[in-house]
Amino acid sequence: MTSFAPPLHQPAPDAVPVTGAVEISRRKCLQSLSVLGSSLLFSEQVSAGAQIEEPLIDSVRTALSSAIANQAPPVPEFRDTESRLAYLRWLGAMSERLKKKKPEWQIRKEFLQTVWYESRRGGLDVALVLGLIQVESNFRKFAVSRVGARGYMQVMPFWTRVIGDGDAGKLFHMQTNLRFGCVILRHYLDREKGDLFMGLGRYNGSRGKAAYPDAVLGARKQWEFTP
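The shown structure was predicted, so the numbers you read here are calculated from the model rather than taken from an experiment.

> Even after reading the chapter, I still don't get the side chain of Ser 95, so can you show me in this structure?
Here Ser 95 is to be found in helix α3 (residues 81–98). Using a relative accessible area of 5% as the deciding quantity, one classes Ser 95 as buried. Here Ser 95 is in contact with Trp 105, Arg 108 and Leu 112, once residues within four sequence places are set aside.

> Looking at this structure, how should I read the pattern of salt bridges?
A side chain of one charge can pair with a side chain of the opposite charge if their charged atoms are brought near each other. Scanning the model with the defined rule gives 12 salt bridges in all. Among the salt bridges present, the one from Arg 191 reaches Glu 54, with a minimum N-O distance of 3.5 Å. Taken together, the residues Arg 191 in helix α7 (residues 174–191) and Glu 54 in the loop between α1 (20–43) and α2 (58–69) connect sequence positions 137 residues apart. Judged by its relative accessible area of 38%, Arg 191 is partly exposed. With a closest N to O distance of 2.5 Å, Arg 207 and Glu 192 form a salt bridge. Taken together, the positions of Arg 207 in the loop between α8 (196–204) and α9 (211–220) and Glu 192 in the loop between α7 and α8 put the pair 15 residues apart, joining distant regions of the chain. The exposure class of Arg 207 is partly exposed, given its relative accessible area of 46%. Via salt bridges that share partners, Glu 54, Arg 191, Glu 192, Arg 202 and Arg 207 belong to a single interconnected network.

> What is the right way to read empty space enclosed by the protein from this model?
A probe matching the size of a water molecule, rolled over the atoms, marks out where space remains unfilled. All chains considered together, the criterion is met by two cavities of 30 Å³ or more. The space that makes up the largest cavity amounts to roughly 50 Å³. Along its surface, the largest cavity is lined by Ile 52, Glu 54, Leu 56, Phe 158, Trp 159, Val 162, His 187, Tyr 188 and Arg 191. Elements that contribute at least two residues to the lining of the largest cavity include exactly α6 (158–163) and α7.

> What should I look at first to understand the packing of helix α4 (residues 105–121) against helix α5 (residues 126–137) in this one?
Between two packed helices, what matters for the description is the angle formed by their axes and the separation of those axes. Two numbers describe how α4 lies on α5: the axes approach to 9 Å, and their chain directions differ by 120 degrees. It follows that α4 is oblique to α5 by the angle criterion. Once α4 is placed against α5, the crossing between them reads as right-handed. Taking contact as the criterion, the partners of Phe 111, Leu 112, Val 115, Trp 116, Ser 119 and Arg 120 in α4 are, on α5, Val 126, Val 129, Leu 130 and Ile 133. Here the contact of α4 with α5 is composed, by residue class, of eight nonpolar, one polar and one charged.

Basis of the calculations
- Residues numbered from 1 in each chain as written.
- Predicted model: local features only at pLDDT ≥ 70, side-chain atom pairs only at ≥ 80, totals over all residues.
- Heavy atoms only, no water.
- Helix = DSSP H or I, 4+ residues; strand = E, 2+ residues; numbered from the N terminus.
- Buried < 20%, exposed > 50% of the residue type's maximum accessible area, 1.4 Å probe, protein only.
- Contact = heavy atoms within 4.5 Å.
- Salt bridge = Lys/Arg side-chain N within 4 Å of Asp/Glu carboxyl O.
- 1 Å grid on protein atoms, 1.4 Å probe; cavity = no way out; pocket = protein on both sides within 12 Å on 5 of 7 lines; lining within 4 Å.
- Points joined across faces, edges and corners; volume = space filled by probe spheres on them.
- Axes fitted to C-alpha atoms, helices over the stretch in contact; angles between N-to-C directions.
- Parallel < 35°, antiparallel > 145°, perpendicular 65-115°, else oblique.
- Left-handed = near helix turned anticlockwise from the far one by under 90°.
- Nonpolar A, V, L, I, M, F, W, Y, C, P; charged D, E, K, R; others polar.

Laid out in structure tokens, this is it:
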């Protein structure tokens with residue numbers, strides 16, 4: 001995404017030109033507005049990098065394809081009443097924290113329920129996944145990075161060709177995006193033998209560099225919950 005400064009106001013054809021200190025003052029004002037506009041646009045960009053396409057052996061490709069294939073609605077299931085109550089307490093706490101990003105309760109609830117479901121399905125810490133989403137897209141469903149990564153978890157379109165049906169447009173569907181993102185993150189963590197630092201770097205396409213893992217692990221702290 002490229003930032004554009006707001007267009008400068010053009011004087012009307014019959015306007016009287018200003019000179020001297022007044023002209024300098026106006027020029028400084030316009031320059032300030034230009035910088036402010038660019039800064040505001042930049043703040044809306046996603047800070048994501050991009051997963052790098054790598055060859056996959058057939059067994060891994062088959063496993064990943066199978067992992068993203070089931071598109072059943074994410075309905076939480078609980079082994080006992082206490083587990084269900086713990087989930088509801090988590091949902092209530094996370095809902096309050098996410099309210100500024102997603103003001104509508106039903107949308108917020110469906111999003112959090114899906115994050116919880118897909119994280120647990122992938123054997124991932126839910127707070128880690130929420131931290132990653134915050135860093136990757138700032139909870140924007142239709143976010144697109146400058147290199148083409150899409151949606152909440154900034155999944156690169158090539159993944160739909162490698163382990164999906166090739167329809168990259170589906171990456172803007174909430175559950176599909178979260179399913180792909182969690183499966184890919186689990187894959188990278190497995191590749192790195194559980195090393196969060198290296199696994200997160202691989203997810204972002206910046207393996208071995210500290211900025212991205214540090215950002216995600218820092219954001220994770222905002223989503224930790226003790227029942």
